[in-house]
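Per-entry structural report
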Amino acid sequence: MNYTSTRNSSLKATSAHAIVKGLSDEGGLFVPESIPALSKEEILSLGDKKYSQRAFDVFSKFLTDFTPDELRHCVESAYNSKNFDSDNIAEITKLKDSRYILELWHGPTCAFKDMALQILPYLLTASAKKEVKGKQIAILVATSGDTGKAALEGFKDVDGTSICVFYPEDGVSPMQKRQMTTQEGNNVNVCAVKGNFDDCQNGVKAIFTDKDIEKKLSDNNILLSSANSINWGRLAPQIVYYVSSYAQLVKNGEIEYGEKINIVVPTGNFGNILAAYYAKLMGIPVNKLICASNSNNVLTDFINTGIYDRNRKFYTTISPSMDILISSNLERLLYHFTGENDKLINDWFKSLKDTGRYEVNEDVKKKLSEQFFAGFCTDDETKAQIKKTFEEENYLLDTHTAVAVKVYEDYRAKTGDSTKTLIASTANPYKFGRAVFQSVGGNAEGDEFDVIARLEDKTGTKIPAPLAATKNKPIRFTGCVEKQEMGKAVLDFLNSK
Ligand SMILES: *Cc1c(COP(=O)(O)O)cnc(C)c1O
């Protein structure tokens, strides 16, 4: 299995190369040259296997340059009951009207990013052994919340790696800040930046292209890398849970093999929903892929009109992980939808860069409307959905998942389609406890831990252990730097190792 680039289809690379590089040199994203198929027997047999084995089976098709021993080490190090609070790793909860909530937040940071970031360090170190033997990998991350913590938990104490996370001093929630500043591990560094998220991201980009820093690190045998959501090593693990869920629903007798399901995904960077599309290409029977957005509804408009236009107001919402105007992983879908036409992709993404806008052709518009449905909802509708689902079904949704449930209700009302539907749940409600507590009618003033304690009382649900534990952990990282000092902070940290 070879990989190529969305902006240069003549490129050929191994999966290890794609994972170490992250982004291709000409700026394209790595994609598999062809999508491997799963037979009926293979899908059915997954039902009897544990999650790590299901992941092994799917990875064996995509990461053919890895040995079985390497893959086994990766999946077993990541998907175990030490890291996840459920043996099933991804749980499925059935609601009424043939809706199934796929809970992707049983990992150490209580958000779905753990599904990929728990395994990425192992995929990356195995890849580095093949591609850049003997080098230490230093991961740099700029975060607005969820990714930074999930990457820290994934990379902590993984041999051959270290990780440095930058976050905007006043730009993350109190819980997210606490989660990061109490981070454990001997190879981790967390640093606040005087600035906003863009300053952090620009600072990290500047470090990646700084020749002086590169030389200093290379003299010490260190290679910089990123844990960005466009990395193939983050996408491949996300395909697994869609394949696994289908096999599980068949095994549980909820669906017959061959029966199509809808999949709803609360979407930001388009990574999670793209993984569902890949699962479909592998042979999982899917009816509609439903793309749910918050008020930042650039994808809703795109899927409905074929025009992508980021020139619009940016909203800060109660589902912050979806507050995005450029959905990077969409480029991969368009590459497949154009029949691997790298010329068109280059044109469209140049136009996006120059004007903030592009329009796809009729053929792609047709494919979008056949395979996808898109909708969005406001913060008020999100809160109303949390209240409704809790009151009617005694199930507490987080703010991101609530967007998905609301958009699905709109879809069903509009189309009358009663196909069984899997809804990706991307965070535990306690991760966004304040907004969730307000939604169910609580007074969410005061300290974060008081608020979530009241949420527990009111709803009879439980604060996940990893979030509760941050309350009594010592704060390890208090540093805060000017944005021009980020490079020095990285060098100081890596030199002290
Ligand atoms: C990252 C994230 C999303 C968006 O996922 P994409 O793959 O970027 O579309 C949705 N919900 C939560 C809680 C997230 O952390």
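Above this text you will find the structure in question.
Here's what I pulled together on the structure shown here. (Residues numbered from 1 in each chain as written. Predicted model: local features only at pLDDT ≥ 70, side-chain atom pairs only at ≥ 80, totals over all residues. Heavy atoms only, no water.)

**Some points on the site of the ligand**
With respect to spatial proximity, 15 residues lie near the ligand, and among them Lys113, Asp146, Gly268, Asn269 and Thr426 are the closest. Take lysine 113: an N or O atom from its side chain is 2.5 Å from an oxygen atom of the ligand. Glycine 271 places a polar main-chain atom, nitrogen or oxygen, 3.3 Å from an oxygen atom of the ligand. Alone, the ligand offers 390 Å² of accessible surface; in the complex the protein occludes 96% of this. Along the lines of polarity and charge, the residues of the shell around the ligand split into five nonpolar, eight polar and two charged. (Near = heavy atom within 4 Å. Polar contact = N/O pair within 3.5 Å; in protein donor to acceptor, adjacent residues only side chain to side chain. Areas by Shrake-Rupley, 256 points an atom, 1.4 Å probe, with all protein chains shown as cover. Nonpolar A, V, L, I, M, F, W, Y, C, P; charged D, E, K, R; others polar.)

**Describing helix α11 (residues 232-251)**
When the terminal C-alpha atoms of α11 are compared, their 29 Å separation across 20 residues agrees well with the 28 Å that a helix rising 1.5 Å per residue should span. Where burial is concerned, most of α11 is hidden: 18 out of the 20 residues are buried. Phi turns positive one or two residues past the end of α11, at glycine 253, with a value near 75 degrees. (Helix = DSSP H or I, 4+ residues; strand = E, 2+ residues; numbered from the N terminus. Expected span 1.5 Å × (residues − 1). Buried < 20%, exposed > 50% of the residue type's maximum accessible area, 1.4 Å probe, protein only.)

**Looking at unusual backbone geometry**
In this structure, asparagine 221 is a non-glycine residue whose phi angle is positive, near 70 degrees. Turning to its location among the elements, asparagine 221 is positioned in the loop between α10 (211-219) and β9 (222-226). The backbone of glutamate 340 sits at a positive phi, close to 60 degrees, despite the residue not being glycine. For glutamate 340, the location among the structural elements is in the loop between α14 (330-337) and α15 (342-355).

**Brief notes about the sheet that holds strand β8 (residues 188-194)**
Read across the open sheet, the five strands follow the order β9-β6-β7-β8-β16; overall the sheet is parallel. Every other strand in the sheet has two partners, leaving β9 and β16 (480-482) as the edge strands with one partner each. On average, each strand axis in the sheet is tilted by 30 degrees relative to the strand beside it, whichever way the strands run. Pairing geometry for β8 and β16, over three bridges, is parallel. Within β16, the position partnered with lysine 194 by the bridge is glutamate 482. (Pairing = 2+ DSSP bridges. Axes fitted to C-alpha atoms, helices over the stretch in contact; angles between N-to-C directions.)

**Topic: the nonpolar core**
Core analysis: the biggest nonpolar cluster contains 107 residues, and Leu63, Ile239, Tyr242, Leu334 and Tyr358 have the highest contact counts within it. In terms of residues, this core owes the most to one element, α11, which gives 12 residues. Those residues in contact with leucine 334, other than ones at most four positions away along the chain, are Phe302, Ile345, Trp348, Phe349, Tyr358, Val360 and Val364. Listed in part, the 35 residues of the second largest apolar core include Leu95, Ile101, Leu397 and Phe449. (Core = buried A, V, L, I, M, F, W, Y, C linked by side-chain atoms within 4.5 Å. Contact = heavy atoms within 4.5 Å.)

**Focus on the environment of phenylalanine 314**
Checked against the element boundaries, phenylalanine 314 lands in the loop between β12 (307-309) and α14. Through-space distance from the C-alpha of phenylalanine 314 to that of serine 295 is 8.5 Å; in sequence the pair is 19 residues apart. Ignoring sequence-local partners within four residues, the contact set of phenylalanine 314 consists of Asn296, Asp323, Ile324 and Leu325.

**A few points about helix α7 (residues 146-155)**
In terms of burial, α7 is largely enclosed, as nine of its 10 residues are buried. For α7, the set of buried residues is Asp146, Gly148, Lys149, Ala150, Ala151, Leu152, Glu153, Gly154 and Phe155. Against α5 (113-117), α6 (120-131), β6 (136-142), β7 (161-168), α8 (174-181) and β8 lie the buried residues of α7.

**Some thoughts on the packing of helix α12 (residues 271-282) against α14**
Running from N to C, α12 and α14 point in directions that differ by 30 degrees, and their axes come no closer than 9 Å. With respect to α14, the axis of α12 lies roughly parallel. In contact with Leu274, Tyr277 and Tyr278 of α12, α14 contributes Arg332, Leu333, His336 and Phe337. (Parallel < 35°, antiparallel > 145°, perpendicular 65-115°, else oblique.)

**Quick word on the packing of helix α3 (residues 51-62) against α11**
Between two packed helices, what matters for the description is the angle formed by their axes and the separation of those axes. One can describe the packing of α3 onto α11 by two numbers: an axis separation of 9 Å at closest approach and a directional angle of 125 degrees. Taken together, the axes of α3 and α11 lie oblique to each other. Regarding α3 and α11, the two cross each other, and that crossing is right-handed. Residues Tyr51, Arg54, Ala55, Val58, Phe59 and Phe62 of α3 form the contact with α11, whose own contacting residues are Trp232, Ala236, Pro237, Ile239, Val240, Tyr241, Val243, Ser244 and Gln248. (Left-handed = near helix turned anticlockwise from the far one by under 90°.)

**Re the sheet that holds strand β2 (residues 8-13)**
Overall, antiparallel pairing links the three strands, which are arranged β2-β1-β3 in an open sheet. Two strands in the sheet have a free side with no partner beyond their single neighbour: β2 and β3 (30-32). Taking each pair of neighbouring strands and ignoring which way they run, the sheet shows an average axis angle of 40 degrees. As defined by bridge partners, strand β1 (residues 3-5) adjoins β3 across three bridges and the pair is classed as antiparallel. In the strand pairing of β3, tyrosine 3 is matched with proline 32.

**Focus on the packing of aromatic side chains**
To describe a pair of aromatic rings, one takes the distance between the centres and the angle between the planes. Under the counting rule described, the total for this entry stands at 18 aromatic pairs. Taking 6.0 Å as the distance between ring centres and 50 degrees as the angle between the ring planes, the aromatic pair formed by tyrosine 79 and phenylalanine 84 counts as tilted. Here tyrosine 79 falls in the buried class, since its relative accessible area comes to 4%. Considering the side-chain rings of tyrosine 241 and tyrosine 242, the 5.0 Å spacing of their centres and the 55 degrees angle between planes classify their relative orientation as tilted. Neither residue differs from the other here; tyrosine 241 and tyrosine 242 are each classed as buried. (Phe/Tyr/Trp six-rings, centres within 6.5 Å; stacked < 30°, edge-to-face > 60°.)

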